[in-house]
Amino acid sequence: MKNILSKIFLIVLTVLTVLLILSTFFPGAATMPGSVEEGSPLVKFFHLDNFYNSYINIGLWGIITVLLLVSVFTGAVKTTSQKIIHIVLALIFIVIVYEKTVNNRFYLKLTEGETIQFAKYTPGQSPQDSLAINLKKFEIIRHPGSRMPQAFISHLVMNESDTVQLAVNDPLSFRHYRFYQNAYDRKFTFNVQVNNREFTASLPDTISVDNRSLILNNFDHQTRKFVLFLNNTKHQITPGKTVNIDGNQITINPKGAKFISIIEVAEVKGVGILLILSLFYLLFLYIAFRKEDRK
Amino acid sequence: MSAESILLILASIFYIISLFLFFKQDTEKNSRKVFIFGLIIHFAALIVRSVIAKHPPFSNLYETMILFPFLVGIRYVFWKKQIPEDVRWLLILLTIILLGVAALLPGDMKKAEPLMPALNSIWMYIHVPAYFFGYVSIFIAVLYSIYLLITRKKLLESKKEHLVEKMDREIKIGFFFLNVGLITGAIWAYVSWGNYWSWDPKETWALINILILTYYFHLSQPNIIKKAIVIIIAFISILFTYWGVSYLLIGMHSYT
């Protein structure tokens, strides 16, 4: 029995290892049109372009979990510490599947001064755990005498009352959610004058001019001009210069920049158990190795 | 030339002299003494680097490439008896080669930079050393495996068993520390990015290394050849994780 289990385990382990190795060379091939890997039957068959979320990956880990448990309950694993290691590993894999299935993870892109409200929606139930987050200020602290950032800090106001700080490597728990400072971006704002009327816009943005849409598309860094569309016709405008387009006097001036804080919001059911199980695994791995060495 | 570079060159000179004495003299004693002197200078270079960069030398390829030979040297000096006499000189040679490779890295890569926010964490001080302790053990196990493969027909059975036991021990130490590295890395990623596992190429390859080493403990009718092959494959995989992934694959660990 032990030999059969061991052989099955090694076969599954070989397949999983080879597929994992290959998958690192095919990051999202199917999502890149025209890439060489697109349409490759082998890549498609093994889902190498999206292996981690594929049923093959989940299935192989599932088989390993079953084998770990079967090896304990059939007596294929002899010592107590080895039995515990096998059971703990199986539990770790089960908790990971549970955690990845049950917990929601999403990103918030908050511009300075902006408030985002979110809640948990379950079909047939009223929204739960509603939360309003306002980004009061985003701060970049730099190392003294260097341009290298030392910390990114979001100064947040939760539900219009609690002021909190969120920084990289310093997550924040609030209600049922956990917040992580993930990244940041900058949003540039512009003063757009159309026939003496003023608008504040960012890129991309749409302004309504006499029931027509003026689309501010992008800033071309090569020509150093704004690209905009009016009546589906493309125009380019130099910043600060007034241009006549279809009888409209249009001027665009840079106004300022605002930070956008990118925050990951996650639910954390099961993560604590995962941590405890991982520490147990390490402890019993150490005990098992020590015991074998003493023999 | 910086103080750190001068110290590293000095350390390398002592290591070269130590290697020379290893072969020139009948006893290893003098060679070892010179090597220890080199190691002290090497340690001073690491301290200087840490003071300039304001963090321990764990944060980029150059720093880990001057740290790794130091750890190899520590293993050689303090756990000499665990290493077969015939291959000890290889540890000295490796220390010299690695320092030489580190010296040849482009100037930009050697620049001491303060830590970026994501790296500014207590977990870095556990995660990175854990991996490097593991790597040193795996490297010593590779030396055992090559030595055993070459000499297996000439060696006495008792001597062979003794060496296999030592190789097993190194693999166990390596496996344990790779697991510590993986788990502390997952905790750090969770604290920093909100997700303990993202299938980032470096993470995936760290897992692949552990899966390959898992073979070692589940081999049916294990013999020297089977064990040696697994160790060598694991070592190649670790080398790819350390160097290849950073340059060939894009991921969240691009700075390593």
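Now for a description of the structure that goes with this document. Keep in mind that what you see is a predicted model, and the values were worked out from it rather than measured.

Re helix α1 (residues 2–23) of chain A
Inference 1: Taking 1.5 Å per residue as the helical rise, α1(A) with its 22 residues ought to reach 32 Å, and the 31 Å between its terminal C-alpha atoms agrees with that figure.
Inference 2: Turning to α1(A), its buried residues are A:Leu5, A:Ser6, A:Phe9, A:Leu10, A:Val12, A:Leu13, A:Leu16, A:Thr17, A:Leu19, A:Leu20 and A:Ser23.
Inference 3: Contact partners of the buried residues in α1(A): α3 (55–73) of chain A together with α8 (201–218) of chain B.

A word on the sheet that holds strand β2 (residues 115–120) of chain A
All names here are of chain A.
Inference 1: One open sheet accounts for four strands, arranged β2-β3-β4-β5; its pairing is antiparallel. In this open sheet, the two strands that pair with only one neighbour each are β2 and β5 (162–167). Strand after strand, the sheet turns through a mean of 35° between neighbouring axes, direction not considered.
Inference 2: Summarising the sheet, β2 and strand β3 (residues 128–142) pair through five bridges and their orientation is antiparallel. In the sheet register, Lys120 faces β3, and the bridge partner there is Gln128.

Considerations on the interface of chain A and chain B
Inference 1: Facing 49 residues of chain A, the contacting portion of chain B comprises 41 residues.
Inference 2: For the pair chain A and chain B, the interface holds 16 residue pairs in polar contact (both at pLDDT 80 or more).
Inference 3: Each residue belonging to the side of chain A that touches chain B can be placed in one class, and the counts come to 28 nonpolar, 13 polar and eight charged.

What about the packing of helix α3 (residues 61–78) of chain B against helix α4 (residues 88–104) of chain B?
Residue and element names in this part refer to chain B.
Inference 1: At their nearest, the axes of α3 and α4 sit 9 Å apart, and the two run at 165° to each other. Here α3 is positioned roughly antiparallel relative to α4, judged by the angle of their axes. The crossing of α3 and α4 is left-handed. Across the interface between the two elements, Tyr62, Met65, Ile66, Phe68, Pro69, Val72 and Tyr76 from α3 touch Arg88, Leu91, Ile92, Leu94, Thr95, Leu98, Leu99, Val101 and Ala102 from α4.
Inference 2: For the contact of α3 with α4, the class distribution of residues is 14 nonpolar, one polar and one charged.

Remarks on the pattern of salt bridges
Inference 1: Going through the model one piece at a time under the given rule, you end up with seven salt bridges over all chains.
Inference 2: Between B:Arg49 and B:Glu63 there is a salt bridge, and its shortest N-O distance comes to 3.0 Å. In this pair, B:Arg49 is assigned in helix α2 (residues 29–53) and B:Glu63 in helix α3, connecting sequence segments 14 residues apart. Pair check on accessibility: B:Arg49 and B:Glu63 agree, each one buried.
Inference 3: Taken together, the shared-partner salt bridges connect A:Glu99, A:Arg105 and A:Glu264 into one network.

A short note on the packing of helix α1 (residues 3–24) of chain B against α2(B)
Helix-helix packing: each pair is described by the crossing angle between the helix axes and the interaxial distance.
All names here are of chain B.
Inference 1: Put simply, α1 and α2 touch, their axes get as near as 8 Å, and they point 165° apart. When the axes of α1 and α2 are compared, the pair comes out roughly antiparallel. For the pair α1 and α2, the crossing hand works out as left-handed.
Inference 2: Residues of the contact of α1 with α2, tallied by class, amount to 18 nonpolar, five polar and two charged.

What counts as what
- Residues numbered from 1 in each chain as written.
- Chains lettered and ligands numbered in written order.
- Predicted model: local features only at pLDDT ≥ 70, side-chain atom pairs only at ≥ 80, totals over all residues.
- Heavy atoms only, no water.
- Helix = DSSP H or I, 4+ residues; strand = E, 2+ residues; numbered from the N terminus.
- Expected span 1.5 Å × (residues − 1).
- Buried < 20%, exposed > 50% of the residue type's maximum accessible area, 1.4 Å probe, protein only.
- Contact = heavy atoms within 4.5 Å.
- Pairing = 2+ DSSP bridges.
- Axes fitted to C-alpha atoms, helices over the stretch in contact; angles between N-to-C directions.
- Polar contact = N/O pair within 3.5 Å; in protein donor to acceptor, adjacent residues only side chain to side chain.
- Nonpolar A, V, L, I, M, F, W, Y, C, P; charged D, E, K, R; others polar.
- Parallel < 35°, antiparallel > 145°, perpendicular 65-115°, else oblique.
- Left-handed = near helix turned anticlockwise from the far one by under 90°.
- Salt bridge = Lys/Arg side-chain N within 4 Å of Asp/Glu carboxyl O.

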